[in-house]
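These are the residues of each chain, in order.
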Amino acid sequence: MKPGLFISYSRRQTPFVDSLVEKLTKNEYSIWLDYHNLVPARPWFDQIMEGLNGAGAVLLIVSKDSIESTNVADEWKTALKLNKRIVLVIFEAYPLPDELQNCEWVDFRVDFKKGIKQLDHLLNQPISLEKPAPQRGFKAPFLFRVALILSILVAISSIPVLWTVYIPFILIPLPWQIYKRNYNLSRVFAALILLPFMTYIHSETGTDNLLFSRLILNIDIDLHVFLIIAFLLITFFFSPVLLVILFTESMQRRATPEAAQVRFANRLIVDKRQEPRSVLFAIDHAPEDGRYADDLRKGLEKHGHCMAQINETPEAIFVLISAYKKSTNFDPDSQVVYPVILQPVSGIADNLGRIQWIDFRKGIRNIDKLAKLLPEPERLLRALATPPMNSGEIYPVVVDVLQYFFLGTGMVFGGVILMSVLDVIIGVFQTTNFISELIDIVFIIINGILLFGTSLFILRGLRLRTRGASAIYPLFILAVFQLVLVICVFFSLDQMTTSGSGRSIEGGDPTQGIIAIFLYYAIFLLVAIPLVLFRWRELYRWFPRYQVVPVDRIENIFLLYNPLQTRAFILHLIFHLGLLFSVPLFFLAFSFDGISVILFCVAPILFGVHWLARRLEKK
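**A few points about the packing of aromatic side chains**
Tallied over the entire structure, the rule returns 15 aromatic pairs. Ring geometry for phenylalanine 16 versus phenylalanine 112: centroids 5.9 Å apart, planes at 90°, classification edge-to-face. Of the two residues, phenylalanine 16 is situated in helix 1 (residues 14-26) and phenylalanine 112 in helix 6 (residues 112-124); the sequence distance between them amounts to 96 residues. Both residues of the pair, phenylalanine 16 and phenylalanine 112, belong to the buried class. An angle of 80° between the planes, with centres 5.9 Å apart, marks the rings of tyrosine 395 and tryptophan 542 as edge-to-face. Residue tyrosine 395 is located in the loop between strand 11 (385-386) and helix 18 (397-428), and its partner tryptophan 542 is located in helix 22 (residues 536-542); the two are separated by 147 residues in the primary sequence. Each member of the pair, tyrosine 395 as well as tryptophan 542, is classed as buried. Taken together, the ring pairs connect Phe16, Phe91, Phe108 and Phe112 into an aromatic cluster. For arginine 291, the ring lying beneath its charged end belongs to tyrosine 540, and the centroid distance is 4.0 Å. For the cation-ring pair, arginine 541 lies above tyrosine 292, with the distance from its terminal atom to the ring centre recorded as 5.7 Å.

Structure (structure tokens):
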């Protein structure tokens, strides 16, 4: 009979542990793993001690994180006191404490399948090992080395698109991060997806003339063309290949939680005809998460479960974890508490971090399965729960689409504008009307920076859910403001290049550059709008029901939050329309008359509307 196994590990190695447990379970071992076996309404420490007492052997996953973990140390020290057999699973070579020097071990660093076979043989036929466990040195599978080489090539190929800021910021340090296993998969995914498109835009809009011809001195034209083609080939071929490799089982096993996909603890098939016993439930949530709570309640009530009233004791408690709520007054050690994670967030209370989570970060999914398994907590957690780790940046699909849209447009517009201005500056220094042209350039640079800033502000609002901009109306205003800035800047560049002060962004007809950029914008819209409309409810649920008004100084100044009253909303709308009108007036009609109109007509009206809106909200 095969011995029962207790897994002692650091949460940083959860992806590896998932794979290990899956293989051992197929080999008919009985496994005790915290996020598979801990159940609500029982003290977690007592359950761990039961798991240790009932185990025939303890598998200690050796890594820097586990050896330095006090919780892991408590587990293996307790196992030694109980005279339990300890087998070291070498995930990463690291100096061992004296008490573990003579333990049996299996090396999983290079070949996972071979390690499984050796571990299975060792568990069934104990042998005395001649060599101590490896405690230094680096080993990795072949695919890891391929990923490392490809990441270096991709990092080099991101240099021509420095104007995007985001892509080189993510990809240049990627080789070192892959070596250390601490890259962020969601950010790397976005950068690798955008890199080929931004490289193509770079070659088509003429910014390659600046980067190659200006920054690389005395370059031969043939070499110039060769480099452009080489970078295009690298990005269009190696970026997708690297992305595929990062999602392979070998790389996912080596990954930290940030670099791994979220996996359910254990998927179970539920009979669709099964009618569950009615369960009294409660939902503990922040007011801002009311839309999530409403949809969860409706989904459970649809299957016959009932919301507990004030004087009733709930049998199951769902705690919605978000940026607005990270703790609960309910006791998971004595009550059936299900933490439900809504968004990436840190600082979650310890009592909620010990038990499995139900993951709603991608949206409310599997609600029917949740309702059918609600009377059976152990089966529910095995079917739907995920390990309690919150390192991955995981969002609903519609939020991801909007993030890519605003990130892409911000990089294209802001980056191309700033690089084009640098190219125009070269022409300005060759003109006699230097001062007036330089003033125009300064304002174009300011607007390029504003474009980057607007994109970052939108992304912050989308991701955090705690900002004033985390609502539909302010995000729409910011998007329109971004588009108005783009139109103004390109018309200004058109005027400057046609007046002979510089060159166009295409190196020829400026109209071509404008058409090209807006074509990319239209393509982004054609992709984003249908997905947003199709998943409208998901986006509506994501935005908080209530907001703190205002959140920060910038949102206060520009009224970038949802007003709570209809009259205040009308004032917000008037203020933003006036602000949007002022931008082209100031930027395109940059003259004494234009500035006078803004200062003496538009500005007083905007200040008055702003004052009325804030006064009305304070009441």
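On we go.
**Re the environment of proline 257**
Take proline 257: it is sitting in the loop between helix 13 (249-254) and strand 6 (280-284). Through-space distance from the C-alpha of proline 257 to that of leucine 185 is 9.1 Å; in sequence the pair is 72 residues apart.

**Let's talk about the confidence of the model for the protein chain**
With 79% of its residues at a pLDDT of 70 or more, the protein chain has an overall mean of 80. Counting contacts from residues 207-218, a segment whose pLDDT is below 50, to residues more than four positions away or on other chains yields 33 contacts. Counted against residues more than four places away or in other chains, residues 501-511, with its pLDDT under 50, gives 34 contacts.

**Let's talk about the nonpolar core**
By size, the foremost hydrophobic cluster in this structure holds 80 residues, and its most contacted members are Tyr183, Phe318 and Leu370. The element best represented in this core is helix 18, accounting for 9 residues.

**What to know about the pattern of salt bridges**
When the charged atoms of two side chains lie near each other, side chains of opposite charge can form a pair. All chains considered together, the criterion is met by 19 salt bridges. Among the ionic pairs, aspartate 294 bridges to arginine 545, the shortest N-O distance being 2.5 Å. With aspartate 294 in helix 14 (residues 290-301) and arginine 545 in the loop between helix 22 and helix 23 (553-557), the pair connects residues that are 251 residues apart, well separated along the chain. For aspartate 294, a relative accessible area of 22% puts it in the partly exposed group. Overall, the relative accessible area of 33% leaves arginine 545 in the partly exposed class. Across the pair aspartate 359 and arginine 361 runs a salt bridge, and its minimum N-O distance is 2.8 Å. Taking the relative accessible area as the measure of exposure, arginine 361 reaches 2% and is therefore buried. What emerges from the salt-bridge pattern is a single network uniting Asp295, Arg537 and Arg541.

**A few points about the packing of helix 1 against helix 6**
The N-to-C vectors of helix 1 and helix 6 enclose an angle of 50°; their axes lie 11 Å apart at closest approach. Considered as vectors, helix 1 and helix 6 are oriented oblique to each other. The two elements helix 1 and helix 6 cross, and the hand of that crossing is right-handed. Mapping the contact onto sequence places Phe16, Ser19, Leu20, Lys23 and Leu24 in helix 1 and Phe112, Ile116 and Leu119 in helix 6. Residues of the contact of helix 1 with helix 6, tallied by class, amount to 6 nonpolar, 1 polar and 1 charged.

**So, the pairing of strand 6**
Most of strand 6 sits out of view: 4 of its 5 residues are buried. Note: strand 6 against strand 7 (residues 306-307), 2 bridges, orientation parallel. Bridging across to strand 7, phenylalanine 281 finds its partner in methionine 307. Traced from strand 6 through helix 14 to strand 7, the parallel crossover comes out right-handed. Strand direction decides the pairing type here: strand 6 and strand 8 (residues 316-321), joined by 4 bridges, are parallel. Looking across to strand 8, one finds that alanine 282 is bridged to isoleucine 317.

**Some details on the pairing of strand 9 (residues 337-341)**
Successive residues of a regular strand alternate their side chains across the two faces of the sheet. Where burial is concerned, most of strand 9 is hidden: 5 out of the 5 residues are buried. Neither face of strand 9 is left uncovered, since the one carrying Val337, Pro339 and Ile341 and the one carrying Tyr338 and Val340 both have all their residues buried. In this sheet, strand 9 lies alongside strand 8 in parallel orientation, the contact comprising 5 bridges. Paired with valine 319 across the strands is proline 339, a residue of strand 9. Summarising the sheet, strand 9 and strand 10 (residues 357-359) pair through 2 bridges and their orientation is parallel. Counterpart to valine 340 in the pairing with strand 10 is isoleucine 358.

**As for the sheet that holds strand 9**
On the basis of which strands lie adjacent, the open sheet formed by 6 strands has the order 7-6-8-9-10-11 and mixed pairing. Of all the strands in the sheet, just strand 7 and strand 11 have a single pairing partner and so form its edges. Contacting strand 6, strand 7 and strand 8, helix 14 crosses the sheet at an angle of about 170° to strand 6.

**Observations concerning a nonpolar patch on the surface**
Together, Ile152, Ile156, Ile159, Leu162 and Ile172 make up a nonpolar patch on the protein surface, roughly 420 Å² of accessible area in all. With respect to the helices, strands and loops of the structure, leucine 162 is situated in the loop between helix 7 (142-157) and helix 8 (166-171). When its relative accessible area of 43% is taken as the criterion, leucine 162 is described as partly exposed.

**A few points about the side chain of aspartate 295**
By secondary structure assignment, the location of aspartate 295 is in helix 14. Under the relative-accessibility criterion, aspartate 295 is labelled buried at 15%. Beyond its immediate chain neighbours, meaning those up to four positions away, aspartate 295 contacts Ile364, Arg537 and Arg541.

The rules behind these values
Here the residue index of a chain counts from 1 through its sequence in written order. With the structure being a predicted model, the display of local features is reserved for residues of pLDDT at least 70 and the display and counting of side-chain atom pairs for 80 or more, all residues being used for whole-chain, interface and lining totals. Hydrogens and water are ignored here; the side-chain numbers use all heavy atoms of the structure. Any Phe, Tyr or Trp ring, taking Trp's six-membered ring, that has another such ring centre within 6.5 Å forms a pair; planes under 30 degrees apart are called stacked, those over 60 apart edge-to-face, and the others tilted. The helix and strand labels rest on DSSP assignments: H or I over at least four residues marks a helix, E over at least two residues marks a strand, and numbering proceeds from the N terminus. Each residue gets one of three labels from its accessible area relative to the maximum for its type: buried under 20%, exposed over 50%, partly exposed in between, using a 1.4 Å probe on protein chains only. Charge over a ring is defined by NZ of Lys or CZ of Arg lying within 6 Å of the ring centre and within 35 degrees of the ring normal. Residue-level confidence of the predictor is what pLDDT reports, using numbers from 0 through 100. Any two residues whose heavy atoms approach within 4.5 Å at even a single point are treated as in contact. Working definition of a nonpolar core: buried Ala, Val, Leu, Ile, Met, Phe, Trp, Tyr and Cys residues. They are joined through side-chain atoms within 4.5 Å. Take a side-chain nitrogen of Lys or Arg and a carboxyl oxygen of Asp or Glu: if they are within 4 Å of each other, that pair is a salt bridge. Orientation is described by axes fitted as lines to C-alpha atoms, over the contacting stretch for helices, and by angles from 0 to 180 degrees between their N-to-C directions. Any angle that falls under 35 degrees is termed roughly parallel, while one over 145 is termed roughly antiparallel, one within 65 to 115 roughly perpendicular, and all others oblique. Less than a right angle of anticlockwise turn of the near helix away from the far helix marks a crossing as left-handed, whereas a clockwise turn marks it as right-handed. Here the term charged refers only to Asp, Glu, Lys and Arg, the term nonpolar to Ala, Val, Leu, Ile, Met, Phe, Trp, Tyr, Cys and Pro, and the term polar to all other amino acids, Gly among them. Here, any two strands with at least 2 DSSP bridges between them count as paired. Here is how to tell: hold the view so the strands point away, follow the path from the first strand over the helix to the second, and if it runs clockwise the crossover is right-handed. Patches here: salt-bridge-free residues with over 30% relative accessible area, like charges joined within 9 Å, nonpolar side chains (Val, Leu, Ile, Met, Phe, Trp, Tyr) joined within 5 Å. For every accessible area listed, the method is Shrake-Rupley and the probe measures 1.4 Å; residues are considered covered only by the protein chains on display.

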